[in-house]
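# Structural overview
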2 protein chains.
Amino acid sequence: MRYGVFDSGLGGMTVLGQLIKMMPYNDYIYFGDVARVPYGTRSDKTIIKYASEDAAFLYKKNVDAIIIACGTVSSVAHEHLKSIYDIPVYSVIDFAVQSAAKNTKNGKIGVIGTQATVNSRMFEKKLTGMKSDLEVYSVACPLFVPLIESGISPDDEISRSVAARYLAPLIEKKVDTIIMGCTHYPIYAETLKSVYPDADYINVGRETAIQLSRDTHRTEKGNVEIYVSEISQAFYEIAEIMGFSVSEGTIKTVELG
Amino acid sequence: MRYGVFDSGLGGMTVLGQLIKMMPYNDYIYFGDVARVPYGTRSDKTIIKYASEDAAFLYKKNVDAIIIACGTVSSVAHEHLKSIYDIPVYSVIDFAVQSAAKNTKNGKIGVIGTQATVNSRMFEKKLTGMKSDLEVYSVACPLFVPLIESGISPDDEISRSVAARYLAPLIEKKVDTIIMGCTHYPIYAETLKSVYPDADYINVGRETAIQLSRDTHRTEKGNVEIYVSEISQAFYEIAEIMGFSVSEGTIKTVELG
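### With respect to the domain arrangement of chain A
Residue and element names in this part refer to chain A. Under the domain assignment, chain A is made up of domain 1 (2–91 + 207–253) and domain 2 (93–204). The interface is formed by 27 residues belonging to domain 1 together with 23 residues belonging to domain 2. For the pair domain 1 and domain 2, the summed buried area comes to about 2,000 Å², and 59% of that belongs to carbon and sulfur atoms. At the junction of domain 1 with domain 2, the criterion picks out 0 salt bridges. Elements with a contribution of two residues or more to the side of domain 1 that touches domain 2: α1 (13–22), α3 (71–84), β4 (89–91), α10 (204–213) and α11 (235–241). When residues in the side of domain 1 that touches domain 2 are grouped by element, the largest group, 7 residues, is from α3.

Structural data, given as structure tokens:
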């Protein structure tokens, strides 16, 4: 299989990392729209426009399937992209939602994501569509990405204060399962757990990789290509924080739009 | 006079507010490139490209002069824009630099701005070009804009912790004057003063308005038009935080690029 994987920026590299780990035999082409990051504060119209350009770029590279490695695009533009292409388009939401619904004991699920993800109510729709009695509480966490990108570590006291602030309403509701609905957030997993250890945290990239790996088996190692719309100021540092070794793939820049 | 004023987003509205306050008799056309904000983490090439499109939009509206109401663009693209146009192009840096050099007693000046502004070393060049014995210390404060845009107030304890972290190296150097080199930062003036009261804080928009108002005098009230490349999710709230009453001007959207 040759997968096209895209994100608004570099957060999707946490998904790419999980995919390579569980399916090293596939080929991957990653696109990160670094020049136009972040998507999570933009209007739905703009997000759909950008996501369509990202997906078109990958489609032209003859991929067999597209994986939307971005919670915001998965929430806002997945239906649109599915309707355009004759190849599978996977969102990171769907598998995470299944896993969360299976995991919860008390039926109370928290979702953390960008403002656009929370506004879309897509996680709520999918979760309650699966089990109508689930209680879902969503919180936008717009500072997590800027914190990482400005070099403040997830275990810094400032990051902890921000995490505590965001989790407060979910702790109050006693959710037992929290979906990290933005692909940057796995970096905060330990910070979140230290603030609220009573929940299980669902990594959307990991769930996607687990599900997709069920279908395919091969042994040889595949090829990885990375494209970004811009090499931003802290590109290499951030890619590394995302747990992605840049030496794992070639990096090329491409202009879209 | 008919001024064209632009910024990467809404921070420039703090400059527009000062201009209207000191020169209510002028006409203003503001452009905020909300769809592509933030510029401060982007490459110089991208910043120059975006700034050129912003300035071209205003020039076509027949303005008499352009004011770059953005610290990042002033640092990175001012020379380029000046070389293109046959009307004056003012940056918010120049007047602030003059004022800071005049204000300092101990010759130690701090500059706070975006990563791109700090990387450009433009404030250092202009300050030491004016007085070669000035000591200039610059700190990038990439979290201030996301904090504001995510609804965390400047007097919140998280904002204070972030401000204290950023100011620490300037406090250590005992600077007596700090240039707020990004047009969003005047919103943080009180927070910064509470963390480090021993410095005078220079508001780049205010200095620009003071200098420009010396040349012109009229009495009737001018017209204000606001254009943005996108009405973002929190547009109206942010405009208000910027001290700008949206009812002061008409808001229209326009697509660039």
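Continuing now.
### Looking at the environment of A:G71
Residue and element names in this part refer to chain A. Take G71: it is sitting in helix α3. Judged by its relative accessible area of 2%, G71 falls in the buried class. A sequence separation of 85 residues divides G71 from D156, and the C-alpha atoms of the two residues are 25 Å apart. When residues no more than four places from it in sequence are discounted, the contact partners of G71 are V92, I93, T117, G181 and T183.

### Digging into the sheet that holds strand β2 (residues 27–32) of chain A
Residue and element names in this part refer to chain A. If you trace the 6 strands from one edge of the open sheet to the other, you get β4-β3-β1-β2-β9-β10, paired in parallel fashion. A single partner strand is all that each edge strand has here, and the edge strands are β4 and β10 (250–253). Mean inter-strand twist for the sheet, computed between neighbouring axes without regard to direction, equals 20°. Of the strands in this sheet, β1 (2–7), β2, β3 (65–68) and β9 (224–228) touch helix α2 (residues 44–59), which is tilted by about 155° from β1. The strands that helix α4 (residues 92–103) touches are β3 and β4; relative to β4, the one it contacts most, it runs at about 50°.

### Quick notes on the packing of aromatic side chains
To describe a pair of aromatic rings, one takes the distance between the centres and the angle between the planes. In this structure the tally under the stated criterion is 18 aromatic pairs over all chains. When the ring of B:Y90 is compared with that of B:F95, the centres are 6.2 Å apart and the planes differ by 40°; the resulting orientation is tilted. The class of B:Y90 is partly exposed, set by a relative accessible area of 23%. Taking NZ or CZ as reference, A:R36 lies 3.9 Å from the ring centre of A:Y50, over its face.

### A few points about the pattern of salt bridges
Residues and elements named next belong to chain B. Counted according to the given criterion, the structure contains 20 salt bridges over all chains. A salt bridge links R36 to D54, with the nearest nitrogen and oxygen atoms 3.8 Å apart. In this pair, R36 is assigned in the loop between β2 (27–32) and α2 (44–59) and D54 in helix α2, connecting sequence segments 18 residues apart. Since its relative accessible area comes to 11%, R36 is described here as buried. The class of D54 is buried, set by a relative accessible area of 0%. A salt bridge links E225 to K252; the shortest N-O distance between them is 3.1 Å. Here E225 is found in strand β9 (residues 224–228), whereas its partner K252 is found in strand β10 (residues 250–253), with 27 residues between them in sequence. Given the relative accessible area of 35%, K252 is considered partly exposed.

### Quick word on the relation of the copies chain B and chain A
Laying chain B over chain A is done by rotating through 180° and shifting 0.0 Å along the axis; what remains is an RMSD of 0.0 Å. Look at the turn and shift together and you get a two-fold axis relating the two. By residue overlap, the copies meet face to face through one surface: 100% of the interface positions of chain B are interface positions in chain A.

### Focus on the interface of chain B and chain A
Across the contact, 31 residues belong to chain B and 32 residues belong to chain A. Residues A:R165 and B:D156 are paired through a salt bridge, measuring 2.7 Å at the closest nitrogen-oxygen approach. Here chain B and chain A share 8 residue pairs in polar contact (both at pLDDT 80 or more) between them. Only α2, α5 (115–120), α7 (144–149) and α8 (157–172) of chain B provide two or more residues apiece to the side of chain B that touches chain A. No other element matches α8(B), which puts 5 residues into the side of chain B that touches chain A.

### Observations regarding the packing of helix α1 (residues 13–22) of chain B against helix α10 (residues 204–213) of chain B
Residues and elements named next belong to chain B. Relative to each other, α1 and α10 sit at 30°, their axes nearing to 8 Å. When the axes of α1 and α10 are compared, the pair comes out roughly parallel. Note that α1 runs across α10; the crossing there is right-handed. Taking contact as the criterion, the partners of V15, Q18, L19 and M22 in α1 are, on α10, G205, R206, A209, I210, L212 and S213. Looking at the contact of α1 with α10 residue by residue, the class counts come to 6 nonpolar, 3 polar and 1 charged.

### What about helix α8 (residues 157–172) of chain A?
Residue and element names in this part refer to chain A. Counted at 1.5 Å a residue, the expected span for α8 with its 16 residues is 22 Å, and the 22 Å between its end C-alpha atoms agrees. A maximum bend of about 40° is found in α8 at Y166, where proline P169 lies one to four positions downstream. Inspection of α8 places I158, S159, V162, A163, Y166, L167 and L170 among the buried residues, and these make up the whole buried set. Where α8 begins, the side chain of D156 points an oxygen toward the backbone nitrogen of I158, at a separation of 2.8 Å. Directly after α8, the chain includes K174, whose backbone phi takes a positive value near 55°.

### Some words on unusual backbone geometry
Here A:V37 and A:P38 are connected by a cis peptide whose omega angle stands at -5°. Phi at A:N62 takes a positive value of approximately 60°, unusual for a residue other than glycine. In this fold, A:N62 is placed in the loop between α2 and β3. With a phi angle near 55°, B:K174 is a residue other than glycine that sits in the positive phi range. In this structure, B:K174 sits in the loop between α8 and β7 (177–180). Note on B:K174: relative accessible area 58%, which makes it exposed.

Definitions and limits used
Residues numbered from 1 in each chain as written. Chains lettered and ligands numbered in written order. Predicted model: local features only at pLDDT ≥ 70, side-chain atom pairs only at ≥ 80, totals over all residues. Heavy atoms only, no water. Domains from an automatic or database assignment. Contact = heavy atoms within 4.5 Å. Buried area = accessible area lost by both parts, 1.4 Å probe. Salt bridge = Lys/Arg side-chain N within 4 Å of Asp/Glu carboxyl O. Helix = DSSP H or I, 4+ residues; strand = E, 2+ residues; numbered from the N terminus. Buried < 20%, exposed > 50% of the residue type's maximum accessible area, 1.4 Å probe, protein only. Pairing = 2+ DSSP bridges. Axes fitted to C-alpha atoms, helices over the stretch in contact; angles between N-to-C directions. Phe/Tyr/Trp six-rings, centres within 6.5 Å; stacked < 30°, edge-to-face > 60°. Lys NZ or Arg CZ within 6 Å of the ring centre and 35° of its normal. Least-squares fit on C-alpha atoms with pLDDT ≥ 70 in both. Polar contact = N/O pair within 3.5 Å; in protein donor to acceptor, adjacent residues only side chain to side chain. Parallel < 35°, antiparallel > 145°, perpendicular 65-115°, else oblique. Left-handed = near helix turned anticlockwise from the far one by under 90°. Nonpolar A, V, L, I, M, F, W, Y, C, P; charged D, E, K, R; others polar. Expected span 1.5 Å × (residues − 1). Bend = angle between axes of the 7 residues up to and from the residue.

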